[in-house]
Amino acid sequence: MTITLYNTLARQKQVFEPINADQVGMYVCGPTVYDYAHIGNARPVIVFDVLFRLLREVYSETHVKYVRNITDVDDKIIQRAKDEGIDIRELTEGTNAQFQADMTALNCLPPTVQPRATEHIDQMVEMINVLIEQGHAYQAEGHVLFDVPSMANYGALSNRSVDEMQAGARVEVAPYKKDPMDFVLWKPALADEQGFESVLGRGRPGWHIECSAMSKEHLGEVFDIHGGGIDLVFPHHENEIAQSCSAHQSEVMAKFWMHNGYLQVEGEKMSKSLGNFITVNEVLAHWPGEVVRLAMLMTHYRQPINWTVKNLKEAQKTLDGFYDVLASSAEDEGADGLDDGDGASSNGVLAALEDDLNTPKAISVLHQLKDRPSLLKQSANLMGLLEMAPADWAALRKVEPEVDPAEIEALIAARIEARENKDWAEADRIRDELVSRNIVLMDGPEGTAWEVKS
């Protein structure tokens, strides 16, 4: 079996050959735990969960190590804790617990390791000191910054010129920087802010150094796969490479760099100002996790995805059909239920996933397996689908409630007025009321349409 993956660094698909087949390593950038995860955050989790499952299928469960970090020290975390008047630990513990629950509901397996940034401060300080000693970093006014010009091939991952990177980085051009592109490795902490005592002074790490230190701690200086959303290519992943390669004097940090595409909502960029900012938790209140997962997988991971109610309905209908097949098979085979067979998955599904995670093709193969229920189930399981008992799935199907169209239109008009007045709290309240009544809103250039979720 041969797996081919698109390597962002090489800008082409390449045959995947692990450094060590007995310990395949994958690192994926995880959540910054200060708020509920939105549906855009869910996409890389689902994508790399499928890859995790595929690698386990090919190399065995015990030979694959999946690391996904938890960023629990960050400026946004500090500000949110201040705004809510709670301790940082209380905020991050609660938000992380919600994230884990939401991802589990999407049928995502737990990574092998989920390292926390706050538990790896020593490793970060150690790496920063190495960079200083090697002339790749310098101290200035309590900060430690990476000296970007010291990295000869900086920009190789994003394939951008220095001018393009400088325009896109939108970094603070502080007077203590030697070069505008230099980025923070360590920053001083104010007396009332979260900070850590170290030889660098009391402070906290920059975002980029966190992932470099944690990936090295759990996977080594050079590992197989590093993944994340396309928005992380620059500057985050570019800066990770600069730090790690410079500290370890290596040519690469990871052999393969993989990135999933952007997500839009009903054709528009997701934002709170447009009223189309949707958290995973909100979606799960009205759609089964498998529906959300399948809706994501119907689009190839490298392509942009348009998140629509139409796609969710299509995913629901598809899963209803698959579960009906399993239910009929279970009835035919008696009380013992569906025969799981020998656990083998369809060669067609496996081949599709081995071809750069071609999930749309894999789903098309599932449709061809409806006359072989056991194989359908095992093949779908490889993508994290059809993991429920048919009877449990049937219990999730809801009867469409009766609604008063005039009342719904009045509420939508009130929401539009609230948005025009920039009363976001009232607009969100109305939207939440509609959502609680199974009303799905579709904001678009021509206005707001609505329908009852089936």
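A few points on the structure. In this text, all values refer to a predicted model and were calculated from it rather than measured experimentally.

For the pair helix α6 (residues 207–219) and helix α7 (residues 233–248), interaxial distance at closest approach is 9 Å and the crossing angle is 55 degrees. For the element pair α6 / α7, the angle class is oblique. For the pair α6 and α7, the crossing hand works out as right-handed. Touching Trp207, His208, Ile209, Cys211, Ser212 and Lys216 of α6 are Pro235, His236, Asn239, Glu240, Gln243, Ser244 and His248, all from α7.

Here we come to the side chain of lysine 177. You can see lysine 177 is positioned in the loop between α5 (162–169) and β7 (183–188). Among the polar contacts listed, one links the side chain of lysine 177 to the backbone oxygen of aspartate 182, at a separation of 2.8 Å.

A few words on empty space enclosed by the protein. Gaps left between atoms are located by rolling a probe of water-molecule size over the structure's atoms. Throughout the structure, instances matching the rule amount to 2 cavities of 30 Å³ or more. In this structure, the largest cavity spans a volume of roughly 70 Å³. Arg43, Ile46, Val47, Val50, Met296, Leu297, Thr299, Tyr301, Leu357 and Thr359 are the residues that line the largest cavity. Secondary structure elements with two or more residues in the lining of the largest cavity: α1 (39–59) and α9 (289–297). Sorting elements by how many residues they give to the lining of the largest cavity places α1 first, with 4 residues. For the lining of the largest cavity, the per-class residue count stands at 7 nonpolar, 2 polar and 1 charged. When its volume is computed, the second largest cavity comes out at roughly 50 Å³. As for the second largest cavity, its lining consists of Lys272, Gly275, Arg415, Arg419, Trp424, Ala427, Asp428 and Arg431.

Turning to the pattern of salt bridges, a few remarks are in order. Tallied over the full model, the rule gives 18 salt bridges. The closest approach of N and O atoms between arginine 302 and aspartate 356, which form a salt bridge, is 2.8 Å. Taken together, the residues span a long stretch of sequence, with arginine 302 in the loop between α9 and β13 (305–307) and aspartate 356 in the loop between α11 (347–354) and α12 (359–367) at a distance of 54 residues. For aspartate 432, the salt bridge is made with arginine 431, and the minimal N-O distance between the two is 3.8 Å. Shared partners join several salt bridges into a network, and the residues in it are Asp49, Arg53, Arg293 and Glu387.

Read across the sheet, 4 strands follow the order β4-β3-β9-β10 without closing on themselves; strand pairing throughout is parallel. Two strands close off the open sheet at either side, each with one partner strand: β4 (64–68) and β10 (254–260). Across this sheet, the average inter-strand angle for adjacent strands is 20 degrees, counted without regard to direction. Across the face of the sheet, α6 comes into contact with β3 (24–28), β4 and β9 (223–229) while running at roughly 160 degrees to β3.

Across its 16 residues, helix α15 (residues 405–420) extends 23 Å between first and last C-alpha, which sits within 8% of the 22 Å expected from 1.5 Å per residue. Taken together, the buried positions of α15 are Ile408, Leu411, Ile412, Arg415, Ala418 and Arg419. Buried residues of α15, viewed axially, fall in a sector of 120 degrees; they line one side. Set apart from the buried face of α15 by more than 90 degrees, the exposed residues are Ala406 and Glu420. Looking at the packing, one finds that the buried side of α15 touches α16 (424–436), β14 (439–444) and β15 (447–452).

Moving on to the pairing of strand β2 (residues 12–15). Summarising the sheet, strand β1 (residues 4–7) and β2 pair through 4 bridges and their orientation is antiparallel. Among the inter-strand pairings, asparagine 7 is bridged to a residue of β2, identified as glutamine 12. Where β1 folds back on β2, the antiparallel hairpin that results is connected by 4 residues, among which arginine 11 adopts a positive phi of roughly 60 degrees.

A few words on the sheet that holds β13. Taking strand neighbours across the sheet as the criterion, the 3 strands line up as β12-β11-β13 in an open arrangement whose pairing is mixed. Each edge of the open sheet is held by one strand with a lone partner, namely β12 (268–269) and β13. Here strand β11 (residues 263–265) pairs with β12 via 2 bridges, running antiparallel. Note on β12: the bridge partner recorded for glutamine 264 is lysine 269. Contacts between α9 and the sheet are confined to β11 and β13, with β13 contributing the most and set at about 145 degrees to the helix.

With that out of the way, let us pick up the state of the cysteines. Summed over all chains, the structure comprises 0 disulfides. Looking at cysteine 211, it has no disulfide partner, and the nearest cysteine sulfur is the one in cysteine 29, 4.0 Å off. Just so you know, cysteine 245 is unpaired, no disulfide at all, and the nearest cysteine sulfur is the one on cysteine 211, 15 Å from it.

So, on to unusual backbone geometry. A negative phi angle characterises most non-glycine residues, just as the trans form characterises most peptide bonds. Following phenylalanine 234, the chain continues to proline 235 via a peptide bond in cis, the omega torsion being 5 degrees. Among the structural elements, proline 235 can be located in helix α7. A positive phi angle, close to 50 degrees, is found at glutamate 141, a residue other than glycine. Relative to the helices and strands, glutamate 141 is located in the loop between β5 (137–140) and β6 (143–146). The class for glutamate 141 is exposed, based on a relative accessible area of 62%. With phi around 50 degrees, leucine 357 is a residue other than glycine that occupies positive phi space. The topology assignment puts leucine 357 in the loop between α11 and α12.

Definitions and limits used
- Residues numbered from 1 in each chain as written.
- Predicted model: local features only at pLDDT ≥ 70, side-chain atom pairs only at ≥ 80, totals over all residues.
- Heavy atoms only, no water.
- Axes fitted to C-alpha atoms, helices over the stretch in contact; angles between N-to-C directions.
- Helix = DSSP H or I, 4+ residues; strand = E, 2+ residues; numbered from the N terminus.
- Parallel < 35°, antiparallel > 145°, perpendicular 65-115°, else oblique.
- Left-handed = near helix turned anticlockwise from the far one by under 90°.
- Contact = heavy atoms within 4.5 Å.
- Polar contact = N/O pair within 3.5 Å; in protein donor to acceptor, adjacent residues only side chain to side chain.
- 1 Å grid on protein atoms, 1.4 Å probe; cavity = no way out; pocket = protein on both sides within 12 Å on 5 of 7 lines; lining within 4 Å.
- Points joined across faces, edges and corners; volume = space filled by probe spheres on them.
- Nonpolar A, V, L, I, M, F, W, Y, C, P; charged D, E, K, R; others polar.
- Salt bridge = Lys/Arg side-chain N within 4 Å of Asp/Glu carboxyl O.
- Pairing = 2+ DSSP bridges.
- Expected span 1.5 Å × (residues − 1).
- Buried < 20%, exposed > 50% of the residue type's maximum accessible area, 1.4 Å probe, protein only.
- Arc of directions from axis to C-beta.
- Disulfide = S-S within 2.5 Å.

Any functional reading would require information beyond the geometric quantities listed.
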